[in-house]
Amino acid sequence: MPKLDDTTAEPVKLIVAISSRALFDLSDSHRVFETEGVDAYRAYQVAHENDILAPGVAFTLARKLLNLSARLGDRGRVEVILISRNSSDTGLRILTSAHHHGLTITRAAFTGGASPYRYVAAFGADLFLSADPRDVRSALRAGCAAATVRSATIPPESSADEQSHDQVRIAFDGDAVLFSDDAEQLFRREGLDAFNERELAAAHDPLPGGPFKGLLVAIHQIQSLFSPADAPLRTALVTSRGAPSHERVIRTLRAWDIRIDEALFLGGLGKGRFLAAFDADIFFDDQRAHCDVASQHVATGHVPHGIANAEEWDPADSQTGDRDH
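As recorded in an unreviewed UniProt entry, the protein chain goes by the name 5'-nucleotidase, listed as coming from Thiocapsa imhoffii.

This is how it looks when you write it as structure tokens:
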């Protein structure tokens, strides 16, 4: 683990792959694709390639992540990579927009309609964010933390200026995200009493890691380069768990030697207002219902992993109209 005064340690790195529709608002061109097809979409993008795209749901997160590199210096690197189903021809507008907005994105993969998930591992990405649920599922199956991004629908009177803080603030659900969904499976089979009884009995047994454990480790390595009071990256665990099942979570993170800055054990309360209070740049959860609530307050990533998604599979996920260009 890197130390604050260790100048000989290998530089740490955090690599995030983001699709074009997660990074920018491509709703107009996507409507062209859905209603008129690929050729019309290509013609539209070429005709508008000098029109700068507006930020999308993951834009603020990408900007803040890239700004981290300036603070890391020689100690580490944070990189954002563009992964897109666009061709290089139609992707020109996207890279032009990124550079216009000051995003120092130097690496990209344009796959011409093929699923781009296979390049996520090739780039060594710790996280993949996309608007296409199928690509996200493929990346998860390949062992990469991945989520389908959903825009925050914050009422105008409650929305905060994105410059209100410079920290990157990332919030995670626990079961089926940071941890495996073993406990969630028990809860669904046998109910809350059996769940609490099992978790209390196993309080000293670390939970198995979930699909986002590797991302949390990468984040923690960057956090370890700073004192907690000065860290440019802050994390929160926001879970429906409450006492007595909280103890196993705390002991699991201790066994992993990972720092979580804030831990909210809500005992079944809705997560939305707590995420707004944390001012998360993004929140990751495996349950669609929780994502629906969270996306009213903050940008949200749905993690289609575990028993909740085996039961809640959405047929729309298989429609070609959901492709991320």
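(A) Quick look at the overall build of the protein chain. What the protein chain contains, in helices and strands, is 14 helices and 10 strands. Relative to its full complement of 325 residues, the protein chain shows a buried share of 50%. Here the contacts in the protein chain between residues at least 6 apart in sequence split such that 77% fall between residues at least 24 apart. Counting every atom, the protein chain has about 14,500 Å² of accessible surface; 50% of that belongs to carbon and sulfur.

(B) Structural detail: the sheet that holds strand 7 (residues 233–239). Sheet architecture is open: 10 strands sit in the order 3-2-1-4-5-10-9-6-7-8, paired in mixed fashion. Looking at the sheet topology across the chains shown, the edges are occupied by strand 3 (108–110) and strand 8 (262–265). Recorded for the sheet is a direction-independent mean angle of 25° between the axes of neighbouring strands. As defined by bridge partners, strand 9 (residues 282–285) adjoins strand 10 (residues 300–302) across 3 bridges and the pair is classed as parallel.

(C) Broad picture of the confidence of the model for the protein chain. Scored by pLDDT, the protein chain has a mean of 87; 88% of the residues are at 70 or more. Under a pLDDT of 50 for its full length, residues 155–163 has, in the predicted model, 6 contacts with residues more than four places off or in other chains. Scored below 50 in pLDDT, residues 313–323 makes 25 contacts in the model with residues more than four places away or belonging to other chains.

(D) Focus on the pattern of salt bridges. Overall, the coordinates contain 20 salt bridges when judged by the stated rule. A salt bridge links D28 to R31, with the nearest nitrogen and oxygen atoms 2.3 Å apart. Of this pair, D28 and R31 both sit in helix 2 (residues 27–36), separated by 3 residues, roughly a single helical turn. Judged by its relative accessible area of 42%, D28 falls in the partly exposed class.

(E) Molecular detail of the pairing of strand 5 (residues 145–150). Across the 6 residues of strand 5, 5 count as buried, placing the element largely inside the fold. Inspection of the sheet shows strand 4 (residues 127–130) paired to strand 5 by 4 bridges, in the parallel sense. Within strand 5, the residue paired with L127 across the bridge is A145. The parallel pair strand 4 and strand 5 is bridged by helix 7 (residues 133–141), and the resulting crossover is right-handed. With 3 bridges connecting them, strand 5 and strand 10 associate as antiparallel partners.

(F) How the structure looks around unusual backbone geometry. Of the consecutive residues A243 and P244, the connecting peptide bond is found in the cis state with omega at 5°. Phi at A176 is positive, roughly 75°, even though this residue is not glycine. Relative to the assigned elements, A176 resides in the loop between strand 6 (168–172) and helix 8 (182–190). The phi torsion at D257 lies on the positive side, around 60°, for a residue other than glycine. In this structure, D257 sits in the loop between helix 11 (246–256) and strand 8.

Thresholds applied
Residues numbered from 1 in each chain as written. Predicted model: local features only at pLDDT ≥ 70, side-chain atom pairs only at ≥ 80, totals over all residues. Heavy atoms only, no water. Helix = DSSP H or I, 4+ residues; strand = E, 2+ residues; numbered from the N terminus. Buried < 20%, exposed > 50% of the residue type's maximum accessible area, 1.4 Å probe, protein only. Contact = heavy atoms within 4.5 Å. Areas by Shrake-Rupley, 256 points an atom, 1.4 Å probe, with all protein chains shown as cover. Pairing = 2+ DSSP bridges. Axes fitted to C-alpha atoms, helices over the stretch in contact; angles between N-to-C directions. pLDDT = per-residue confidence, 0-100. Salt bridge = Lys/Arg side-chain N within 4 Å of Asp/Glu carboxyl O. Right-handed = clockwise from strand over helix to strand, strands pointing away.

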